[in-house]
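Letter by letter, the chains look like this.
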Amino acid sequence: IVYKTTPQDKLSEDFKTKLQKGDFDGVMFFSSETAKIFCNLLKKEAMESSTKNLYAFCLSNKIAKTIKNYGFKATIYPKNPTMVAIIKLLVTFRF
């Protein structure tokens, strides 16, 4: 096993407070599974509308397709699904 995803069952209070205050510009997703887990946690906490203020930075188009209906401000992904490409995209992105 290269890595294992261990889903959390709730968002931390600190994260929820910061999200409500607008402290985050975006979130990064490295797999479809983690993207779904994050979106489901937002729904569970009745915070799914907070995605409208967040950019979703995805490692690949496949991941972006997974979250296309969750209402993110924009879904951004590099042409090539590599760590170097997503980091370059983040460094050059204009919020």
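Scroll up a little and you will see the structure.
Rules used in this analysis
Residues numbered from 1 in each chain as written. Predicted model: local features only at pLDDT ≥ 70, side-chain atom pairs only at ≥ 80, totals over all residues. Heavy atoms only, no water. Helix = DSSP H or I, 4+ residues; strand = E, 2+ residues; numbered from the N terminus. Buried < 20%, exposed > 50% of the residue type's maximum accessible area, 1.4 Å probe, protein only. Pairing = 2+ DSSP bridges. Right-handed = clockwise from strand over helix to strand, strands pointing away.

S.K.: Explain the environment of glutamate 45 to me, please; I cannot follow it from the model alone.
M.R.: Its location among the elements puts glutamate 45 in the loop between helix H2 (32–44) and strand S2 (55–58). When its relative accessible area of 22% is taken as the criterion, glutamate 45 is described as partly exposed. Taking the C-alpha atoms as reference points, glutamate 45 and lysine 10, separated by 35 residues in sequence, lie 7.7 Å from one another.

S.K.: Even after reading the chapter, I still don't get the pairing of strand S1 (residues 26–29), so can you show me in this structure?
M.R.: Each regular strand displays side chains that alternate between the two surfaces of the sheet. Every second residue of S1 is oriented toward a common face, the buried set being Val27 and Phe29 and the non-buried set Gly26 and Met28. Sheet analysis places S1 next to S2, joined by 4 bridges and oriented parallel. Residue pairing for S2: glycine 26 is matched across the bridge by tyrosine 55. Traced from S1 through H2 to S2, the parallel crossover comes out right-handed.

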